Amino acid sequence: MRDCRPILLLEDDTVDAMAVKRALKDLHVSNPLVRVANGEEALVYLRDDSKEKPCVILLDLNMPKMNGIEFLKVAKADEKLKRIPAIVLTTSKDDQDRVGTFKLSIAGFVVKPVDYIKFVEAMRIINLYWTLSEQPNNERESTNEKLQANTAGGRRQC
């Protein structure tokens, strides 16, 4: 991804989280991956001012405590969080889940392929989209300012 900020992964299943991590590594995506197991943990992370906000959120829908839809309802109602793009990465093929999450302003809905090669391809497409996607100028400027403040000489390796 062009943006060096972390990717936030909401995933309670360890095997699925390892697949995401492995796919990102195979695709040479160098953004840090931050994993939380549910929506409550995600909100704690996102509201912690000492943590860098992610460039994108990848989330499962079926999680304990606070599921993906419950998380989206809270995050998209929060002025500080609502602009962070969120992509649903789930096994659910339920039309209600698709409609419900798009009503909550998600950026995409991807059904996790079972086959690893197809999963990597899905992750490649997500990565390509976010590499090519343009943020609004005010978001990009504040990101660039933070990156320059956090790095020597204005350069940061992801």
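These remarks concern the structure in this document. (Residues numbered from 1 in each chain as written. Predicted model: local features only at pLDDT ≥ 70, side-chain atom pairs only at ≥ 80, totals over all residues. Heavy atoms only, no water.)

## What to know about the overall build of the chain
Which entries qualify depends on this criterion: Per the convention used, a helix needs a DSSP run of H or I reaching at least four residues, while a strand needs a run of E reaching at least two, with both numbered from the N terminus. Here, two residues are considered to be in contact whenever any of their heavy atoms come within 4.5 Å of each other.
Each helix and strand in the chain was counted, giving six helices and five strands. Long-range pairs, those at least 24 residues apart, make up 69% of the contacts in the chain between residues at least 6 apart in sequence.

## Describing the environment of G39
Tracing the backbone through its elements, the reader meets G39 in helix α2 (residues 39-47). Put simply, G39 and K65 are 26 residues apart on the chain and 7.4 Å apart in space, counted from C-alpha to C-alpha. Setting aside residues no more than four positions away along its own chain, G39 makes contact with L10, M63, M66 and F71.

## What to know about the sheet that holds strand β2 (residues 33-36)
To be explicit about the condition: By this definition, two strands are paired if DSSP reports at least two bridges between them. What counts as an axis is a line fitted to C-alpha atoms, over the stretch in contact for a helix, and the angles between N-to-C directions run from 0 to 180 degrees.
Taken together, the five strands give an open sheet; going across it, the order is β2-β1-β3-β4-β5, and neighbouring strands pair in parallel fashion. This sheet does not close on itself; its edge strands, each paired only once, are β2 and β5 (108-111). Across the sheet, the axes of successive neighbouring strands diverge by a mean angle of 20°, strand direction being ignored. Two strands pair when backbone bridges link them, and strand β4 (residues 86-90) and β5 are joined in this way by four bridges, in the parallel orientation. Bridge assignment links I87 to a residue of β5, and that residue is G108. Sitting on the sheet, α2 touches β1 (7-10), β2 and β3 (56-59), and the angle it makes with β1 is about 155°. Sheet contacts for helix α4 (residues 95-103): β4 and β5; angle to β5, the most-contacted strand, approximately 155°.

## Quick look at the nonpolar core
Heads up, the condition is: By nonpolar core is meant a set of buried Ala, Val, Leu, Ile, Met, Phe, Trp, Tyr and Cys residues that side-chain atoms within 4.5 Å join together. Buried means the residue's accessible area, taken with a 1.4 Å probe over protein chains only, is under 20% of the maximum for its type, while exposed means over 50%, and partly exposed covers the values in between.
Counting residues in hydrophobic clusters, the biggest one holds 23 residues, and the most contacted among them are L8, L10, L46, I57, L59, F71 and L72. Only β1, β2, α2, β3, α3 (68-75) and β4 provide two or more residues apiece to this core. Broken down by element, the residue count for this core peaks at four residues, all from α2. Contacts of L59, omitting those with residues within four sequence positions, involve L10, G68, F71, L72, A86, I87, V88 and L89. Counting residues in hydrophobic clusters, the runner-up holds 19 residues, among them L9, V56, L89 and V120.

Everything listed here is a matter of geometry and, on its own, says nothing about what the molecule does.
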